[in-house]
Amino acid sequence: MRIKQVVSPAAAMLLMLGGLAGWASPSQASPDASSDASATVANANAELEQSFRYAGGNKGRVAIEQAVDEAIADMSPLIRGIARTRLLEVNTVIETIDFSLGSDTLRTSYIGGRIIESPASGAAVRWVNQFGDTVNVSQRWSDGKLVQRIFDGNGSRTNVYRFSEDGQSMTMSVTIKADRLPKPIRYRLRYGKKGS
C-alpha cells in the first residue's frame, strides 16, 4: 500500500496502519452456503461452503479495544490518542464471513461484496483493498483452519480462521504487525454457523 503525502509523521503512520488494519470492515459478504467442516478436513479434495455470523457479543469488541490499547501503550500521548481512534475505526467486528474452500481455489467473502480469492497452494496474489491500495494476499487451508495473510513492505495482517469439527462454529484470530506500531495488535473473535 502507498504512504500518501501527508503533513505529519503521525498522519503517515495512521494511513499506513489503516491500509492494513482496515482491509475488511463490516460493510462486506456473499451468498449463504453450508456443508460439513469435518468432512472437508478429512477429504482435502472436498470443499467447505459455509457462512458464519459473529457470535461474540460485546466481549469481542472489548477484546479489540484492549488489543489496540496494549499495542499503542508506548506511544507518546498525543500520537496515542489519534492512533487509538483510527485503529478502532478500522478494526471493527466483521459481522458475516462466507467461505468457499476448494482444492484449487480459496475464496473468503465479506458483507458488501469484498472478496479475497487466491490459489489453494498458498501462493500470494495481488489484491486491491478498500482504500485502493494494492497489497499481497495469500491463503492456505489445512487441518481445519484457514491462514490468510495480507501484507506489503510496511507490515502485515494475519487472520487465522479455525473451524470446529462439527462445522457449527469458527474463531477468527487476528494479528496485525506494522513498522510504526510498537507492538502487534492481537485479538480473537467468535462466530457461529449462519442459520443455526
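The structure reproduced in this document is the subject of the present report. (Residues numbered from 1 in each chain as written. Predicted model: local features only at pLDDT ≥ 70, side-chain atom pairs only at ≥ 80, totals over all residues. Heavy atoms only, no water.)

**Side note on the pattern of salt bridges**
Part 1 of the argument: Evaluation of the coordinates by the stated rule reveals five salt bridges.
Part 2 of the argument: Across the salt bridge formed by R84 and E65, the nearest N and O atoms sit 3.6 Å from each other. Placement of R84 in helix α4 (residues 77-90) and of E65 in helix α3 (residues 57-72) is noted, with a sequence separation of 19 residues between them.
Part 3 of the argument: The exposure class assigned to R84 is partly exposed, which follows from its relative accessible area of 29%.
Part 4 of the argument: On the basis of relative accessibility, which here comes to 38%, the residue E65 falls in the partly exposed class.
Part 5 of the argument: Among the ionic pairs, R84 bridges to D69, the shortest N-O distance being 2.5 Å. One end of the pair, R84, is in helix α4; the other, D69, is in helix α3, with 15 residues separating them in the sequence.
Part 6 of the argument: Ionic contacts of the salt-bridge type, sharing partners, join the residues E65, D69 and R84 into one network. (Salt bridge = Lys/Arg side-chain N within 4 Å of Asp/Glu carboxyl O. Helix = DSSP H or I, 4+ residues; strand = E, 2+ residues; numbered from the N terminus. Buried < 20%, exposed > 50% of the residue type's maximum accessible area, 1.4 Å probe, protein only.)

**Thoughts on α4**
Part 1 of the argument: In this model α4 runs 20 Å from its N-terminal to its C-terminal C-alpha over 14 residues, within 8% of the 20 Å that 1.5 Å per residue would give.
Part 2 of the argument: What α4 keeps buried is the set A83, L87 and V90. One face of α4 carries all of its buried residues, which in axial projection span an arc of 60°. Exposed and facing more than 90 degrees away from the buried side of α4 are P77 and L78. (Expected span 1.5 Å × (residues − 1). Arc of directions from axis to C-beta.)

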